[in-house]
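Analysis of the macromolecular model
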Amino acid sequence: MSSENSSADDVRQVWDVVVVGAGPAGASAAYAAAVAGRRVLLLEKAELPRYKTCGGGIIGPSRDALPPGFELPLKDRVHAVTFSHNGRFTRTRRSKQMLFGLINRPEFDQQLVEHAQKAGAELRTGVTVARVEQHGSAVPDRRTVAVVLQGGETVLARAVVGADGSASRIGAHVGVKLDQVDLGLEAEIPVPETVAEDWRGRVLIDWGPMPGSYGWVFPKGDTLTVGVISARGEGAATKRYLEDFIARLGLAGFEPSVSSGHLTRCRAEDSPLSRGRVLVCGDAAGMLEPWTREGISFALRSGRLAGEWAVRIAEAHDAVDARRQALNYAFAIKAGLGVEMAVGRRMLAVFERRPGLFHAALTGFRPAWRAFKEITQGSTSLGELVRNHPVAQRALTAMDRRPAAPVTPAADGAESEQDAVSS
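What you see is a predicted model, and the numbers here were worked out from it, not measured in a lab. (Residues numbered from 1 in each chain as written. Predicted model: local features only at pLDDT ≥ 70, side-chain atom pairs only at ≥ 80, totals over all residues. Heavy atoms only, no water.)

A word on helix α10 (residues 366–377). The terminal C-alpha atoms of α10 lie 16 Å apart, and with 12 residues this matches the ideal 16 Å at 1.5 Å per residue to within 8%. Restricting attention to buried positions, one finds in α10 the residues Ala-368, Trp-369, Ala-371, Phe-372, Lys-373 and Thr-376. Looking one or two residues past α10, Gly-378 carries a phi angle of roughly 95 degrees, positive in sign. (Helix = DSSP H or I, 4+ residues; strand = E, 2+ residues; numbered from the N terminus. Expected span 1.5 Å × (residues − 1). Buried < 20%, exposed > 50% of the residue type's maximum accessible area, 1.4 Å probe, protein only.)

Given below as structure tokens:
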């Protein structure tokens, strides 16, 4: 076990806020609570830095949620997107302004944790949380939560934030309910400079063969992150899709440095976000965009909110006040991220039935491409787009009702470099 800035008598201390999990959600929560001047302990079961299966796309909302002074460790800046429909009808759209950035999670997560530490949070790595208790002999009073570690050590806190990933123990304590589980498979593939140069500044998004599935290629210097995602229960088909995808791209001859998989879990709309003095955020709460399964921006934003409201819960002198603050946290989540998730569910439902329509819109309909750019750049969100643009709302409703439109194979088989450059 490693320990940074921690002491042997932690068990006798009562921390204002204990955060479980040092990913983007947990680090953001720890930073938000520490910068408010509270005593914060951040617990992480792994040693940092550690690998995480993740595409590593940093869109506008993620950049906006970073701590002041945070310098993104970008591996590439994306100005072009190549879209394909199961390997066909390939077309590239370009933007003068950067669409989004690409990072490797080990570096990114490490920097977030360091910012939380600079704000005053203390970090303990190599520790696994077995359970949390809000009643019983381990809890000295009703204002305290006991975080029980494997091995029996108990850490006491006025408030706890669960940010321990999609298989969260804290989420289980809170009673998080899930209504969408997907399987993501990914390979980190080192490539020669000539191949890397061909991908620099450009990503590929391929709408896949199974309902709701898609694949991606994200360039990161001398390595390509190649992955696919689809609904859980399609494991063999998802693996076959990844293998075919890599072969189709001409990358089958390169040996991956890492091959990994993970399950993404999306919360049900009525899923709780708290229990007593315990909050959940990020993957532990099932917070991600249901259509793209983008989770980093949801982790950063929900983590920050969880940290801010954990401070208020820590200050609550009774269960009624703690409950009030927890409900305010849930309201803040649902009013912002919840709206985006609701629109994402509608988008996924349409995409599952009509992927060709999405492909045709993004590659041939300027307003659709403009909306994609604005969302990735952070000037709007899915929720704002539908709420503030009646045309977008009507288009989504129309797509939900109409039969699938045929895709014109004008650019089939090759990417079209003469497509219009958008500003």
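With that out of the way, let us pick up the sheet that holds strand β4 (residues 57–58). Here we have three strands laid out as an open sheet, ordered β4-β8-β5, and antiparallel in their pairing. A strand with exactly one partner marks an edge of an open sheet, and here the two such strands are β4 and β5 (76–78). Where β4 and strand β8 (residues 100–102) come together, two bridges link them in antiparallel fashion. Counterpart to Ile-58 in the pairing with β8 is Gly-101. (Pairing = 2+ DSSP bridges.)

Let us look at the side chain of Ser-95. Counting through the fold element by element, Ser-95 comes out in strand β7 (residues 88–95). Classification of Ser-95 as buried rests on a relative accessible area of 5%.

Turning our attention to the confidence of the model for the protein. In the predicted model, the protein carries a mean pLDDT of 90, and 89% of its residues have values of at least 70. Long-range and interchain partners of residues 1–11, a stretch whose pLDDT sits below 50, account for 22 contacts in this model, where long-range means more than four residues apart. Within the model, the stretch residues 404–423 combines pLDDT values under 50 with 42 contacts to residues more than four positions away or in other chains. (pLDDT = per-residue confidence, 0-100. Contact = heavy atoms within 4.5 Å.)

At their nearest, the axes of helix α1 (residues 24–35) and helix α3 (residues 105–118) sit 8 Å apart, and the two run at 15 degrees to each other. Considering the angle they form, α1 stands roughly parallel to α3. Where α1 crosses over α3, the handedness of that crossing is left-handed. Together, Pro-24, Ala-27, Ala-30, Tyr-31 and Ala-34 of α1 and Arg-105, Phe-108, Asp-109, Leu-112, Val-113, His-115 and Ala-116 of α3 make up the contact between the two elements. Class assignment for the residues of the contact of α1 with α3 results in nine nonpolar, one polar and two charged. (Axes fitted to C-alpha atoms, helices over the stretch in contact; angles between N-to-C directions. Parallel < 35°, antiparallel > 145°, perpendicular 65-115°, else oblique. Left-handed = near helix turned anticlockwise from the far one by under 90°. Nonpolar A, V, L, I, M, F, W, Y, C, P; charged D, E, K, R; others polar.)

Turning to the environment of Arg-277, a few remarks are in order. Structurally, Arg-277 can be placed in the loop between β18 (274–275) and β19 (278–280). For Arg-277, the side chain forms a polar contact with the main-chain oxygen of Ala-316, separated by 2.7 Å. (Polar contact = N/O pair within 3.5 Å; in protein donor to acceptor, adjacent residues only side chain to side chain.)

With that settled, consider the packing of α1 against helix α7 (residues 296–315). How two helices sit against one another is set out by the angle between their axes and by the gap between those axes. The N-to-C vectors of α1 and α7 enclose an angle of 35 degrees; their axes lie 7 Å apart at closest approach. When you trace α1 past α7, the crossing you get is right-handed. In this structure, α1 contributes Pro-24, Ala-25, Ser-28, Ala-29, Ala-32 and Ala-33 to the contact, and α7 contributes Ala-299, Leu-300, Gly-303, Arg-304, Gly-307, Glu-308 and Val-311.

In this section: the environment of His-262. With respect to the helices, strands and loops of the structure, His-262 is situated in strand β17 (residues 258–267). A relative accessible area of 29% means that His-262 is categorised as partly exposed. Each C-alpha atom of the pair His-262 and Gly-184 lies 5.4 Å from the other, and the pair is 78 residues apart in sequence. If near-sequence neighbours (up to four positions away) are discounted, His-262 is found in contact with Thr-53, Asp-182, Leu-183 and Gly-184.

Before going further, it helps to spend a moment on the packing of aromatic side chains. As enumerated under the stated definition, the model contains 14 aromatic pairs in all. With a centroid separation of 5.6 Å and 80 degrees between ring planes, the pair formed by Phe-83 and Phe-372 is classed as edge-to-face. Highlighted residues: Phe-83 in strand β6 (residues 80–85) and Phe-372 in helix α10, separated in sequence by 289 residues. We classify Phe-372 as buried; its relative accessible area is 17%. For the ring pair Trp-207 and Trp-291, a centre distance of 6.2 Å and an interplane angle of 15 degrees mean the geometry is stacked. Within this pair, whereas Trp-207 is found in strand β14 (residues 202–207), its partner Trp-291 is found in the loop between β19 and α7, the two being separated by 84 residues in sequence. Summarising the burial analysis for this pair, Trp-207 and Trp-291 share the class buried. Taken together through their ring pairs, the aromatic side chains of Phe-83, Trp-207, Tyr-214, Trp-216, Trp-291, Phe-351, Phe-358, Trp-369 and Phe-372 make up a single cluster. The ring of Trp-15 has Arg-39 sitting right over it, with the charged end atom 4.5 Å from the ring centre. One Lys or Arg, Arg-312, reaches over the ring of Trp-309 and ends 4.5 Å from the middle of that ring. (Phe/Tyr/Trp six-rings, centres within 6.5 Å; stacked < 30°, edge-to-face > 60°. Lys NZ or Arg CZ within 6 Å of the ring centre and 35° of its normal.)

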